[in-house]
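What the coordinates show
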Amino acid sequence: MKNFSIISLILLIIGVILFGIIYVIPGFNELIALIGFLLLLIGAICSFIAITKRERGNTKFFAVSSFFIIFLLITWFEPFLILRMLTWIKN
């Protein structure tokens, strides 16, 4: 594993933890959701960079697939969460 693969995996884990905090803490905190979303997005970008650089290992594919699976689940179970985040980013 190289640098971008490790960075993408670490950012993915931190982003998932932040999205988990949203469901544990009562009420909705837009800042935590935004930071979690951005960390997941940056992790996916680092994973794409690792794929283009042809780094060794399968970690780079795990981060990209997890990114899409996590957002599929979020939009499936909490469709208004994405809408709230996008509104908060716009304002």
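Structure: above.
Source: prediction; values computed, not measured.

Looking now at the overall build of the protein. The helix and strand inventory of the protein stands at four helices and zero strands. From first element to last, N terminus to C terminus, the protein shows the α and β order α-α-α-α. Principal axes of the C-alpha set define a box for the protein whose edges measure 40 × 25 × 20 Å. Every one of the 91 residues in the protein was classed for burial, and the buried ones make up 36%. For the protein, the proportion of contacts with a sequence separation of at least 24, taken over those separated by at least 6, is 64%. For the protein, the computed accessible surface area is about 6000 Å², with 74% contributed by carbon and sulfur atoms.

As enumerated under the stated definition, the model contains one aromatic pair in all. Residues Phe67 and Phe68 carry aromatic rings whose centres are separated by 5.2 Å and whose planes lie at 75 degrees to one another, so their mutual orientation is edge-to-face. Relative accessible area serves as the criterion here: at 11%, Phe67 is assigned to the buried category.

A word on empty space enclosed by the protein. Taken as a whole, this structure holds one cavity of 30 Å³ or more when the rule is applied. Estimates place the volume of the largest cavity at around 30 Å³. Around the largest cavity sit Ile21, Ile22, Ile25, Gly27, Asn29 and Ile32, which together line it. Of the residues contributing to the lining of the largest cavity, the split by class is four nonpolar, two polar and no charged.

Conventions adopted
Residues numbered from 1 in each chain as written. Predicted model: local features only at pLDDT ≥ 70, side-chain atom pairs only at ≥ 80, totals over all residues. Heavy atoms only, no water. Helix = DSSP H or I, 4+ residues; strand = E, 2+ residues; numbered from the N terminus. Buried < 20%, exposed > 50% of the residue type's maximum accessible area, 1.4 Å probe, protein only. Contact = heavy atoms within 4.5 Å. Areas by Shrake-Rupley, 256 points an atom, 1.4 Å probe, with all protein chains shown as cover. Phe/Tyr/Trp six-rings, centres within 6.5 Å; stacked < 30°, edge-to-face > 60°. 1 Å grid on protein atoms, 1.4 Å probe; cavity = no way out; pocket = protein on both sides within 12 Å on 5 of 7 lines; lining within 4 Å. Points joined across faces, edges and corners; volume = space filled by probe spheres on them. Nonpolar A, V, L, I, M, F, W, Y, C, P; charged D, E, K, R; others polar.

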